Structure formats: C-alpha cells, structure tokens
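So the chains spell out like this:
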Amino acid sequence: MSFIIPFFIFALALPLYAQSDKPVELVLYSSRNSDLLQPVLKAYQKETGVVVRHIEGSAGSLVQKLVREGDKSPADLLITVDVGHLIHGAQSGLLEPLAANEMTQRVPVHLRDDQWQWLGLSLRARTIFYNKKKVKPQELVSYQDLAHPKWKGRLCLRTSRKVYNQSLVAGLIGRLGQAETEKVVKGWVSNLARPVFTSDTHLLEAIDKGRCDVGIANTYYLARLQKKGEAQNVGIFWPTQDNGGTHVNISGVGILKTSKNKQQALRFVNWLVSDSAQKVFAEANDEYPVVPLVPLSKLIQSWGPYHMDTTPLSQIGEHQKQAVQLMDRARYR
Ligand code: FE
C-alpha cells in the first residue's frame, strides 16, 4: 500500500499532454513582452508538460511575417497587446474561429470577437491622470472635456502613432460620430502643454513633476511607477462614468489558421481564461483580468471601482482607420 499511493500520486502528476513520444510544443507569436509572458508559460508547462515557445516582435511585423510565411508558418497562436492588431490579423485572414465553449464564454461579450476569431486575456483601461496639486478630480469629466479651453497649455498626450490612442479615438468616433470627435481631437491638440510623448511612462512622470496637469495613459504604467514609490503626485480619474464608461482595451489571443496543433492551441486558450491563469496573466503586467470576479491585486484595488465602456471592441476596431485619418487631419502627431 505504501508503494501504491506514491505511485498513484506520481501518475497523476505526469504531464497531461506529453504522453506521445514527441514532446508537445506550441509556437506563440507575441507582441506581449517576454518577461510578462514567462510566468504564464512556465505555469502551463508545469501543469501540462506542453512547452509554449515564444517569438516576440511588434504586432505589425508579426502579422506581416505570418502573411509572408503562409502555410509554412510554424506559429500556432498570436497574442497582441491591443485589439486593433488582432482585428488586423483577422482581416488579413490569419485567424481561425475559436470553438465557443464553457471556458471561452467566460470572457465578456464586448471583449471578444463576435465571430470568435480572437479573445481578450487581460484588460487595461486608458484613462485620465492628473497632478493632485494642480487639479481637483471634480474638475474632470470626460475625454471630450479635455478639449475645453480651460485645459489650454495643461494637457499632455502620447503620440497618435501609438495604437492605444488610435483605439481610444476609434471608440470616440463610435460614440460621438466623426465630426464631433474631430472637434474634440483638434481641441486636445490646441490644449497641449508640450509636444506629444513617445511613452505613457514619460507622460505620467511629466504629470508627477507638474509639467502637465492632465493626460491620458494606460493604468498599468501608473502601477509600475507606484511600485517604485514614484508618481506620488499623480491621481487617477475614471472619465465618462454616467455616459458610456471608461475606454478599455485588451491583450488578446487568436489561433492561427495555419496551425498544425489547433486542438492543443485551443486547450492552451481555454487554460488562459481559467481563474488561476487569469490571475497570473493579469498580475504580471498589473492589468485587470478579463474574467469577472477573478481577484484584483491590492494595488489595482486601491484605484477603486469604475464603469468601463462595454461597446464591443470589434465595433471600436471598425473605426480604427478613420481614427488614424482623423488624427492626421487634426494635426495630432
Ligand atoms: Fe503598453
């Protein structure tokens, strides 16, 4: 008996999918940073024996690479850090619709493609930040309101070349229409305190030092600074709470049409939306899990609850091109 029990436990611990001679391996093309993915990939390997080999690159270059490689591509999955790139991948005919099942259905409808070509894995809010010494939160309302002349010489923005801002403006087009959004973006440009930034981190540092009074950035960049004890003067504000909610975006995944391991790839995706994987995936980058009720880190909890915009991200993606042209016309560089 004393022999049988340990053997039984050992058998249970055997990797679930590594029972054939050939070790199972999945290839993941990803624009999510290696350091952020490693904890998740390691946990998956530990649990299942499946190695997920990760090839990192910018989303644009990975999509091009996939188009170039065609049927010969070794990749099984694509992860990007903005829905715009996943939609681009889907429009390029690269993605295989995922099977809807009890796991993938854990992801709220607005954070997944209605054709199931992609699925959100973690959530980031692109919200308003302010210098606590110079601005009272009561003065803030919405993204649109940052176009008001009262913010002249006080607003800071990251470049419009960054897909995060393209998605934000695409969301505004969906909500306000083109003409109104163009007025808003022109207003932002005329309110700029300094030339556009190349990174959200630099923007938040400038708010902290009082070089800008308000600005727009993704939440996890504040978390990174707060963990180092920085950005003490930066406050977080959730805009548009009574009227549509704060703009959110996802890190998300799609299975590639040319994958030779689609079943394995789907198992991995199903696992990624389990409670335990959601926690690891989101916490690695101080993001929100996409699956409701997965516990948030203490730091994120300290920012308080907010209403997010629940417009389907696939609809936001439809306005992405218009957003780029609109920002160009408004001379938002
Ligand atoms: Fe980012």
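Just so it is clear, the structure is predicted and the values come from calculations on it, not from any experiment. (Residues numbered from 1 in each chain as written. Predicted model: local features only at pLDDT ≥ 70, side-chain atom pairs only at ≥ 80, totals over all residues. Heavy atoms only, no water.)

**Student:** Could you clarify how one ought to interpret the state of the cysteines in this entry?
**Tutor:** Two cysteines whose sulfur atoms are joined by a covalent bond form what is called a disulfide. Across all of its chains, the model carries one disulfide by this definition. Shown here is the disulfide that connects C156 with C212, its sulfur atoms set 2.0 Å apart. Negative torsions about the S-S bond denote left-handed disulfides, and the value of about -80° found for C156 with C212 makes this one left-handed. Taken together, the positions of C156 in strand β6 (residues 155-156) and C212 in the loop between α7 (200-208) and β7 (214-218) put the pair 56 residues apart, joining distant regions of the chain. Side by side, C156 and C212 carry an identical accessibility label, which is buried. (Disulfide = S-S within 2.5 Å. Helix = DSSP H or I, 4+ residues; strand = E, 2+ residues; numbered from the N terminus. Buried < 20%, exposed > 50% of the residue type's maximum accessible area, 1.4 Å probe, protein only.)

**Student:** So what exactly am I meant to see when it comes to the coordination of the iron ion here?
**Tutor:** Ideal values for angles at a metal depend on the geometry: 109.5 degrees with four tetrahedral donors, 90 or 180 degrees with six octahedral donors. Protein-derived ligands of the iron ion are Y164 (OH), Y220 (OH) and Y221 (OH), with the metal-ligand distances lying across 2.0 Å. On the primary sequence, the residues serving as donors to the iron ion are separated as Y-x55-Y-Y. Linking Y164 in helix α5 (residues 163-176) with Y220 in helix α8 (residues 219-227), this pair joins segments that are 56 residues apart in sequence. Across the pair, Y220 and Y164 agree in class, each one buried. (Donors = N, O, S within 2.8 Å, 3.2 Å for Na, K, Ca; no water.)

**Student:** Can you help me understand the environment of E56 in this one?
**Tutor:** For E56, the location among the structural elements is in strand β2 (residues 51-56). Judged by relative accessible area, E56 falls into the partly exposed class, the value being 43%. With 25 residues separating them along the chain, E56 and S31 place their C-alpha atoms 5.6 Å apart. Sequence-distant contacts of E56, that is, excluding residues within four places in its chain, are made with S30, R32, N33 and S34. From its side chain, E56 meets the backbone nitrogen of S34 in a polar contact 3.2 Å long. (Contact = heavy atoms within 4.5 Å. Polar contact = N/O pair within 3.5 Å; in protein donor to acceptor, adjacent residues only side chain to side chain.)

**Student:** I tried to follow helix α4 (residues 83-91) on my own but got confused; where do I start?
**Tutor:** Residues spaced three or four apart along an α-helix face the same direction, because each turn holds 3.6 residues. Every buried residue belonging to α4 is among V83, G84, L86, I87, G89 and A90, and all of these are buried. Capping the start of α4, D82 holds a side-chain oxygen 2.7 Å from the backbone nitrogen of G84, two or three residues further along.

**Student:** How should the pairing of β7 be read in this particular structure?
**Tutor:** Every regular strand shows the same layout, with side chains that alternate between the two sheet faces. Of all five residues in β7, five are buried, a share of seventy percent or more. Alternating residues of β7 divide into V214, I216 and N218 and G215 and A217, and every residue in both groups is buried. Pairing of strand β5 (residues 119-131) with β7, which is carried by five bridges, proceeds in the antiparallel orientation. Pairing of T127 across the sheet is with A217, part of β7. Examined bridge by bridge, β6 and β7 share two bridges and lie parallel to one another. (Pairing = 2+ DSSP bridges.)

**Student:** Got a minute to help me understand the pattern of salt bridges in this structure?
**Tutor:** Side chains carrying opposite charge are able to pair once their charged atoms draw close together. For the coordinates displayed, the defined rule picks out 18 salt bridges. Linking E180 and K183 is a salt bridge whose minimum nitrogen-to-oxygen distance equals 3.7 Å. A residue pair is termed a helical-turn pair when its members lie 3 or 4 positions apart in one helix, as E180 and K183 do in helix α6 (residues 178-191) at three residues. Since its relative accessible area comes to 59%, K183 is described here as exposed. What emerges from the salt-bridge pattern is a single network uniting R32, R124 and E287. (Salt bridge = Lys/Arg side-chain N within 4 Å of Asp/Glu carboxyl O.)

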